[in-house]
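The residues making up each chain are set out below.
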Amino acid sequence: MATFEMSKILYITEKVMTLEEKRAWIRLVVAVAAYGGYVVVVLGRAAGRPLAEAPYAAALLWSVGAAIVAAIVAEVVVGAVNPKASLAKDVRDREIGRLGDHVGQSFVTIGAVAAMLMAVAGWDRFWIANVIYLCFALSAVLGNVTKVIVYRGSFPQW
């Protein structure tokens, strides 16, 4: 009987990753990689000059476009690898999605307010564009980290 009790204690349930959790992971990785790549490119282009003088617009647009394409391609590949995975969202998926989106949206608001104040103060377009992109990236990271944590843990009960 002791071995039965011990086996119940040591038994680890394997959590199956839902399609929505896989999407959260994909979006998290893509957001970090795209923004990280953008920063590396812009810092490289500065080459000792002030950052505001570095050419950034093309890198920013390519970074955003590549992130969108990469996320779509990765989600299609994940869907093709497991075509029998359910595309239906249940109540838990919708609630986790809503929670992650609400948490991430805080950085969109912060970025918009910061950009507005920077524009009113007459800051250079470089800084305005970069604070907006940074806050979009932080929004994606924070929102998707929240989703992954809740999927791996439990949904908070209020």
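All residue numbers here refer to positions counted from 1 along the written sequence of the relevant chain. Since the coordinates come from a predicted model, pLDDT governs what is reported: local features require at least 70, and pairs of side-chain atoms require 80 or more to be given and counted, while whole-chain, interface and lining totals use all residues. The side-chain figures draw on all heavy atoms in the structure; neither hydrogens nor water molecules are used.

For this document, the term salt bridge refers to a Lys or Arg side-chain nitrogen within 4 Å of an Asp or Glu carboxyl oxygen. Per the counting criterion, the structure on display carries 6 salt bridges. For Asp 101, the salt bridge goes to Lys 147, with nearest N and O atoms at 3.3 Å. Here Asp 101, found in helix 4 (residues 91-120), pairs with Lys 147, found in helix 5 (residues 125-152); they are 46 residues apart in sequence, far enough to count as distant. Buried means the residue's accessible area, taken with a 1.4 Å probe over protein chains only, is under 20% of the maximum for its type, while exposed means over 50%, and partly exposed covers the values in between. Owing to a relative accessible area of 41%, Asp 101 belongs among the partly exposed residues under this scheme. Strands here are runs of E lasting at least two residues and helices are runs of H or I lasting at least four, both read from the DSSP assignment and numbered beginning at the N terminus.

On to the packing of helix 2 (residues 19-46) against helix 5. Look at helix 2 against helix 5: their axes get within 9 Å of each other, and the N-to-C directions meet at 150°. As far as their axial angle goes, helix 5 and helix 2 are roughly antiparallel. Like other packed secondary-structure pairs, helix 2 and helix 5 cross with a definite hand, here left-handed. When residue character is reported, Ala, Val, Leu, Ile, Met, Phe, Trp, Tyr, Cys and Pro are called nonpolar, Asp, Glu, Lys and Arg charged, and the others, Gly included, polar. Grouping the constituent residues of the contact of helix 2 with helix 5 by class yields 18 nonpolar, 2 polar and 5 charged. Every angle, taken between N-to-C directions, lies between 0 and 180 degrees, and every axis is a line fitted to C-alpha atoms, over only the stretch in contact when it is a helix. Each angle is binned into one of four classes, with values under 35 degrees roughly parallel, values over 145 roughly antiparallel, values of 65 to 115 roughly perpendicular, and all other values oblique. The hand of a helix crossing depends on one turn: near helix anticlockwise from the far one by less than a right angle means left-handed, and clockwise means right-handed.

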